[in-house]
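As a plain string of letters, each chain reads:
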Amino acid sequence: TVPEWKKELTTLVATLLQGRGGMPIPYAVIRSRFQPSIPDSTLLEALSASAVLVRGNFLLKSSLMALSNKHIENARDVVLILMIKYGFIQRVKLYEAFQDADDDTSDIVTKDVINGLLELMGRKTVNGMEMKIDDDLYFESKFPDIAKLHAMYWEKRELKLEKYIQLYQ
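Residue positions are given per chain, counted from 1 along the sequence in the order it is written. Given that this is a predicted model, residues contribute local features only at a pLDDT of at least 70 and side-chain atom pairs are listed and counted only at 80 or more, while totals for whole chains, interfaces and linings are drawn from all residues. Think of the side-chain values as coming from all heavy atoms in the structure, minus any hydrogens and water.

Asker: What exactly am I supposed to notice about the side chain of Thr42 here?
Answerer: Examined against the element boundaries, Thr42 turns out to sit in helix H3 (residues 40-50). Only protein chains enter the area calculation, which uses a 1.4 Å probe; residues under 20% of their type maximum are buried, those over 50% are exposed, and those in between are partly exposed. Thr42 sits in the buried class, given a relative accessible area of 13%. By definition, residues are in contact when any of their heavy atoms lie within 4.5 Å. Excluding residues that lie within four positions of it along the chain, Thr42 makes contacts with Trp5 and Leu9. By definition, any uninterrupted DSSP run of H or I lasting at least four residues is a helix, any uninterrupted run of E lasting at least two residues is a strand, and each is numbered from the N terminus.

Next comes the structure, spelled out in structure tokens:
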């Protein structure tokens, strides 16, 4: 079983991420909120239980975001996958991908939903919406094993959400 202190640490990490409302947070910022006596490996384990890695920064997992339903959680994960792949997202193209899916998401993932998801984590640029904070290339070079675990997580999610990603491309 998991020790109580690890559960508490995971709860503290999740609370920190929830307080940011779905915005990306660099590991250095998260690290600065915890005692140096907590090893990186322990903090990263707690972080990985409640967060996902996107372009070297952490965000609360969609399933923990208190979004209104599974379709919107999936839409957020599609947004995150596309951010990882391309570094930016074209709002209209994303909306059209969900409309072209011709399934339950077509009615649920509206322009307002997409705008809300993108505005939480993104900023407007010439190419479209990109992450509000810069990529953290240092994290992936310092913690390659953690980066690899998160990459595997996203590969599995991408397989489940492949239909929407293909329609976007």
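Asker: So what exactly am I meant to see when it comes to the pairing of strand S2 (residues 51-54) here?
Answerer: Each regular strand shows side chains that alternate between the opposite faces of the sheet. Taking every second residue as pointing to the same face, both faces of S2 are buried, with Ala51 and Leu53 on one and Val52 and Val54 on the other. Here, a strand pair is defined by DSSP locating no fewer than two bridges between the strands. In terms of strand pairing, S2 meets strand S3 (residues 57-60) through four bridges, oriented antiparallel. Bridging across to S3, Val54 finds its partner in Asn57. Hairpin geometry of S2 and S3 is characterised by an intervening segment of two residues between the two adjacent antiparallel strands and by a positive phi of about 55 degrees at Arg55.

Asker: Just to check I follow, could you spell out unusual backbone geometry for this structure?
Answerer: In most cases, non-glycine residues show a negative phi, while peptide bonds are predominantly trans. Positive phi, close to 55 degrees, is recorded for Arg55, a residue that is not glycine. As for its placement among the helices and strands, Arg55 is situated in the loop between S2 and S3. Given a relative accessible area of 24%, Arg55 falls into the partly exposed group. Located in the positive-phi region is Asp102, a residue other than glycine, with phi close to 50 degrees. Structurally, the position occupied by Asp102 is in the loop between helix H5 (91-100) and helix H6 (105-108).

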